[in-house]
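# Remarks on the overall topology
Take a look at the letters that make up each chain.
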Amino acid sequence: MYAAVVEPSKIAQVLGLRRKITSIEQLDRQVEAGLPKASLGAVARHVYGTSPDAAALMQRVIPSATFHRRDQGLKPQEGERVERLARVIATAEQVWDSVDDARAFLSTAHAMLGGKRPIEVALTELGARRVENLLWSLFHGVAA
């Protein structure tokens, strides 16, 4: 099992944050203060571009009606879900060293994840850990 962590600035980039984030503490404070609503869209587009799958992912994270009721930023619990996906995406991009290859990995069913797409598995905390462990195993050349 691997406990590697991607740079907080890479996670912030996936989240579409304009504010410079240089530490996990800063990222945590931003999530607690409320991520912008646009972060959810940025994360979904990072994986699916403008395809209908992006909207479907957004709805699985935060139901559409709830999302549209938000005047301000996301609530901390919602932000944690969005940050978790951004962290998995940033990890995939680091491991694959390519946005396109990371996108393909995240959106394609994987046998080590029960035939599910990694981005779907990552919707839960334990699932995200499974995906991150798989990614770091690939990175370190361990059969996955």
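Please refer to the structure higher up on the page.
Please read these numbers as outputs of a predicted model, since none were measured by experiment.

The next thing to look at is helix H1 (residues 8-15). Along H1, the residues classified as buried are Pro8, Ile11, Ala12, Val14 and Leu15. Buried residues in H1, looked at end-on, bunch into an arc of 160°, giving them a common side. Against the buried residues of H1 lie helix H2 (24-33), helix H3 (38-48) and helix H6 (76-96). With its phi angle positive at about 75°, glycine 16 sits one or two positions after the end of H1.

Time to look at a negative patch on the surface. Among the surface-exposed residues, Glu25, Asp28, Glu32 and Glu80 lie close enough to one another that they form a single negatively charged patch. Considering each element in turn, the negative patch owes the most residues, three residues, to H2. Residue position: aspartate 28 is located in helix H2. For aspartate 28, a relative accessible area of 45% corresponds to the partly exposed category.

Let us look at the environment of phenylalanine 139. Residue position: phenylalanine 139 is located in helix H9 (residues 125-139). Given the relative accessible area of 44%, phenylalanine 139 is considered partly exposed. Sequence separation between phenylalanine 139 and arginine 117 is 22 residues; the distance between their C-alpha atoms is 18 Å.

About the cut-offs
Residues numbered from 1 in each chain as written. Predicted model: local features only at pLDDT ≥ 70, side-chain atom pairs only at ≥ 80, totals over all residues. Heavy atoms only, no water. Buried < 20%, exposed > 50% of the residue type's maximum accessible area, 1.4 Å probe, protein only. Helix = DSSP H or I, 4+ residues; strand = E, 2+ residues; numbered from the N terminus. Arc of directions from axis to C-beta. Contact = heavy atoms within 4.5 Å. Patch = residues over 30% accessible without salt bridge, like charges linked within 9 Å, V, L, I, M, F, W, Y side chains within 5 Å. Areas by Shrake-Rupley, 256 points an atom, 1.4 Å probe, with all protein chains shown as cover. Salt bridge = Lys/Arg side-chain N within 4 Å of Asp/Glu carboxyl O. Lys, Arg positive; Asp, Glu negative; His and termini not counted. Charge placed at Lys NZ, Arg CZ, Asp CG, Glu CD.

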